[in-house]
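Each chain is listed here by its residues.
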Amino acid sequence: MFIPKASRIATFSYLFKEGVCVVKKDTVSQTHPHIEGPSNLEVMMLMKSLESRGFIRVTFSWQYNYCYLTEEGIEYLREYLGLPAEIVPSTHKKAVSRPEGRDREEDRMGGDRPPAFRGGDREYRGREGGGGGGFGRGGGL
């Protein structure tokens, strides 16, 4: 299938930027929902071509192809698009570290009220007059 160079570059740029691409198995759709320019059929055929060369890994589920870029695919697209080695797909970037702990509810609200629930089952079952200290109708030890 002949695919215009502009559509090929738009698809490859999107795939390299995101690191993944979702393609619905729909050959009549005129546009791809995430990529401007190529039709859904063109994107599907490009992903099929990249998969046959081992540049992406495809998982198919519920009429959608989930295409994941491999290390070989990153190198190929970097060379094809003329990108420097410092640029990596979003899926390969390190996530920003999260703070150590979250503020507690009473610290944020500034209140001095006791927690809504404290003690767990032991406090609940250890009440006075609770019967035989167990479940059911009492009895037991």
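These numbers come from a predicted model, not from an experiment.

Engineer: I would appreciate a short explanation of the packing of aromatic side chains in the present structure.
Structural biologist: By convention here, two paired aromatic rings are described through the distance between centres and the angle between planes. Taken as a whole, this structure holds five aromatic pairs when the rule is applied. Considering the side-chain rings of Phe 12 and Tyr 76, the 6.4 Å spacing of their centres and the 75° angle between planes classify their relative orientation as edge-to-face. With Phe 12 in helix H1 (residues 5-18) and Tyr 76 in helix H3 (residues 71-81), this pair connects stretches of sequence that are 64 residues apart. Here Phe 12 falls in the buried class, since its relative accessible area comes to 1%.

Engineer: Which parts of the structure should I look at to understand the nonpolar core?
Structural biologist: In summary, soluble globular proteins display a tendency toward joint burial of nonpolar side chains. Formed by 19 residues in total, the largest nonpolar core has its most connected members in Leu 15, Cys 21, Met 47, Leu 50, Ile 56 and Leu 69. Looking at this core, the elements that each hand over two or more residues are H1, strand E1 (20-24), helix H2 (40-52), strand E3 (64-69) and H3. With five residues, H2 is the single largest residue contributor to this core. Leaving out residues up to four positions away in the same chain, Leu 15 has contacts with Val 20, Cys 21, Met 47, Leu 50, Ile 56, Cys 67, Leu 69 and Leu 77.

Engineer: Just checking my understanding: could you explain the pairing of E1 for this structure?
Structural biologist: Successive side chains on a regular strand alternate, one facing one side of the sheet and the next facing the other. The two faces of E1 differ: Cys 21 and Val 23 on one face are buried, but Val 20, Val 22 and Lys 24 on the other face are not. Direction of pairing for E1 relative to E3: antiparallel, over a ladder of five bridges. Each bridged residue has a counterpart across the sheet, and for Val 20 the counterpart in E3 is Tyr 68.

Engineer: Any chance you could explain the pattern of salt bridges here in plain terms?
Structural biologist: The tally for this structure, following the rule as stated, stands at two salt bridges. Linking Lys 17 and Glu 18 is a salt bridge whose minimum nitrogen-to-oxygen distance equals 3.9 Å. Using a relative accessible area of 27% as the deciding quantity, one classes Glu 18 as partly exposed. Among the salt bridges present, the one from Arg 78 reaches Glu 75, with a minimum N-O distance of 3.2 Å. Of this pair, Arg 78 and Glu 75 both sit in helix H3, three residues apart, which is roughly one turn of the helix.

The rules behind the values
Residues numbered from 1 in each chain as written. Predicted model: local features only at pLDDT ≥ 70, side-chain atom pairs only at ≥ 80, totals over all residues. Heavy atoms only, no water. Phe/Tyr/Trp six-rings, centres within 6.5 Å; stacked < 30°, edge-to-face > 60°. Helix = DSSP H or I, 4+ residues; strand = E, 2+ residues; numbered from the N terminus. Buried < 20%, exposed > 50% of the residue type's maximum accessible area, 1.4 Å probe, protein only. Core = buried A, V, L, I, M, F, W, Y, C linked by side-chain atoms within 4.5 Å. Contact = heavy atoms within 4.5 Å. Pairing = 2+ DSSP bridges. Salt bridge = Lys/Arg side-chain N within 4 Å of Asp/Glu carboxyl O.

Keep in mind these numbers describe shape, not what the thing actually does.
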